[in-house]
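# Overview (structure and organization)
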Amino acid sequence: MNPGPMPMGALNAELDAHLRARARRQRLGRGEVLFLRGSAPDALYCVDVGVVRLCVTSSSGREAVLGLVTPGHWFGEASLFTGEPRSHDALAVVDSELLAVPAAALHELVDGRPAYLLQFLRLMGLRYRSTLERLDDAALQPLPVRLARKLLEMSRSDATATAGDGVLQISQEDLAHALGVSRQSINRILKRWEAAGVLQVNYRSLVLLKPEALGFV
Ligand code: CMP
């Protein structure tokens with residue numbers, strides 16, 4: 001199954017509370033960059049308010065979206081544990097507030113506490129799994145099926161990306177990038193579904209009118 005727009009980043013309540021106690025608050029304006037791919041990691045982050053986009057941009061300017069991180073979800077752990085540079089850019093989709101735990105505080109917290117390390121292992125295992133599923137999906141499934149799955153996944157998530165009432169706050173461009181296809185091919189399918197009364201296409205958002213119909217694509 002496609003991983004959808006929201007990377008899994010929830011940690012158990014105890015660890016989450018310890019991390020929050022060591023975090024400083026960081027505000028980002030809409031479109032502001034938190035970190036860039038290739039940079040040295042210095043902190044672990046949690047979205048408290050807003051949405052952060054994880055993505056990579058090619059030299060020709062094409063952007064591939066890995067996922068959207070929504071409130072309560074942690075990210076940026078991979079490079080802190082591997083010692084590798086950041087794998088993706090992270091930037092605020094809307095005005096956002098993040099919690100930032102400095103690398104030294106994270107390492108001190110998990111040092112000698114296998115239960116906390118297991119939480120991060122689980123998180124990274126889930127990310128690895130979703131990456132494999134995404135690769136399989138891209139190779140095996142026709143685009144309408146992948147698009148339908150992504151929309152259903154979004155509508156099921158409790159993300160602020162979903163404003164309720166079947167409204168999905170995502171642009172056709174973001175959907176195209178997330179699925180690695182052109183905006184035109186996404187638009188063609190959405191228009192077909194709109195004509196069939198399955199959804200309504202708005203500027204930078206979609207309204208799912210008959211989400212159950214997407215299950216049969
Ligand atoms: P880091 O490499 O520090 O910065 C980019 C972050 O993206 C990474 O840590 C993870 O937190 C997150 N990330 C990496 N791979 C995935 C994935 N497959 N799904 C969701 N998030 C990911």
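Cut-offs and rules
Each chain has its residues counted from 1, following the order in which its sequence is written. Where totals are concerned, whole chains, interfaces and linings use all residues; where local detail is concerned, this predicted model gives features only for residues with pLDDT of at least 70, and gives and counts side-chain atom pairs only at 80 or more. Hydrogen atoms and water are omitted, and side-chain values are computed over all heavy atoms in the structure. Paired strands, as defined in this entry, are two strands with at least two bridges between them according to DSSP. Numbering of helices and strands runs from the N terminus; a helix is a DSSP stretch of H or I covering at least four residues, while a strand is a stretch of E covering at least two. Here, axes are lines fitted to C-alpha atoms. For helices the fit covers the stretch in contact, and angles between N-to-C directions go from 0 to 180 degrees. Partly exposed describes any residue whose relative accessible area lies between the buried limit of under 20% and the exposed limit of over 50%, with all areas from a 1.4 Å probe on protein chains only and scaled to the type maximum. Neither His nor the chain ends is counted toward charge; the positive residues are Lys and Arg and the negative residues Asp and Glu. Within this document, salt bridges are pairs made up of a side-chain nitrogen of Lys or Arg and a carboxyl oxygen of Asp or Glu, the two lying within 4 Å of each other. Pairing of N or O atoms within 3.5 Å defines a polar contact, subject to two protein rules: one partner must be a possible hydrogen donor and the other a possible acceptor, and residues neighboring in sequence count only if both atoms are side-chain atoms. When checking whether two residues touch, look at their non-hydrogen atoms; a contact exists if any pair is within 4.5 Å. Residues are labelled near a given molecule or strand when at least one of their non-hydrogen atoms is within 4 Å of it. The accessible surface values rely on the Shrake-Rupley method and a 1.4 Å probe; as for residues, cover is taken only from the protein chains in view. Note on ring pairs: Phe, Tyr and Trp rings are taken, using the six-membered ring of Trp, and paired if centres are within 6.5 Å. Classes follow the plane angle, with under 30 degrees stacked, over 60 edge-to-face and the rest tilted. Two conditions define a charge sitting above a ring: the NZ of Lys or the CZ of Arg must be within 6 Å of the ring centre, and it must be within 35 degrees of the ring normal.

Turning to the sheet that holds strand S2 (residues 33-35), a few remarks are in order. The strand order across the open sheet formed by four strands is S2-S7-S4-S5, and the pairing between neighbours is antiparallel. With one partner strand each, in any of the chains shown, S2 and strand S5 (63-69) form the two edges of the open sheet. Taken pair by pair, the neighbouring strands of this sheet meet at an average axis angle of 30°, ignoring direction. Pairing between S2 and strand S7 (residues 89-92): two bridges, direction antiparallel. Its bridge partner being in S7, Val33 is matched across the sheet by Leu91.

On to the side chain of Arg86, then. Tracing the sequence through the fold places Arg86 in the loop between helix H2 (77-82) and S7. Buried charge without a salt bridge: Arg86, with Asp42 as the nearest opposite-charge side chain at an N-O distance of 4.1 Å. A polar side-chain atom of Arg86 sits 2.8 Å from the main-chain carbonyl oxygen of Ala43. With near-sequence residues (within four places) excluded, Arg86 lies in contact with Phe35, Leu36, Arg37, Gly38, Ser39, Pro41, Asp42, Ala43, Tyr45, Gly76 and Ser79.

Another aspect to go through is the site of the ligand. Around the ligand sit 14 residues, and of these Gly76, Glu77, Ser79, Arg86 and Thr131 come closest. Take Arg86: an N or O atom from its side chain is 2.7 Å from an oxygen atom of the ligand. In this structure, Arg127 approaches the ligand through a main-chain N or O atom, which is 3.3 Å from a nitrogen atom. Alone, the ligand offers 460 Å² of accessible surface; in the complex the protein occludes 92% of this. Those elements giving two or more residues to the shell around the ligand turn out to be H2 and helix H4 (114-140).

Spatial strand order, S1-S8-S3-S6: four strands in an open sheet with antiparallel pairing. Each edge of the open sheet carries a strand with a single partner, namely strand S1 (24-28) and strand S6 (74-75). Examined bridge by bridge, strand S3 (residues 43-49) and strand S8 (residues 96-102) share six bridges and lie antiparallel to one another. Bridging across to S8, Val49 finds its partner in Glu97. Sheet strands in contact with helix H3 (residues 103-110) are S3 and S8, and its direction is about 60° off that of S8.

Moving on, we get to the packing of aromatic side chains. Evaluated as defined, the whole model comprises four aromatic pairs. Here the aromatic rings of Phe35 and Tyr45 are separated by 6.1 Å at their centres, their planes lie at 35°, and the arrangement is tilted. With Phe35 in strand S2 and Tyr45 in strand S3, this pair connects stretches of sequence that are 10 residues apart. Tyr45 matches Phe35 in its accessibility class, with the two residues each being buried. Here the aromatic residues Phe35, Tyr45 and Phe75 are joined through ring pairs into a cluster of three or more. Sitting over the face of the ring of Phe35, Arg86 holds its NZ or CZ atom 4.0 Å from the ring centroid.

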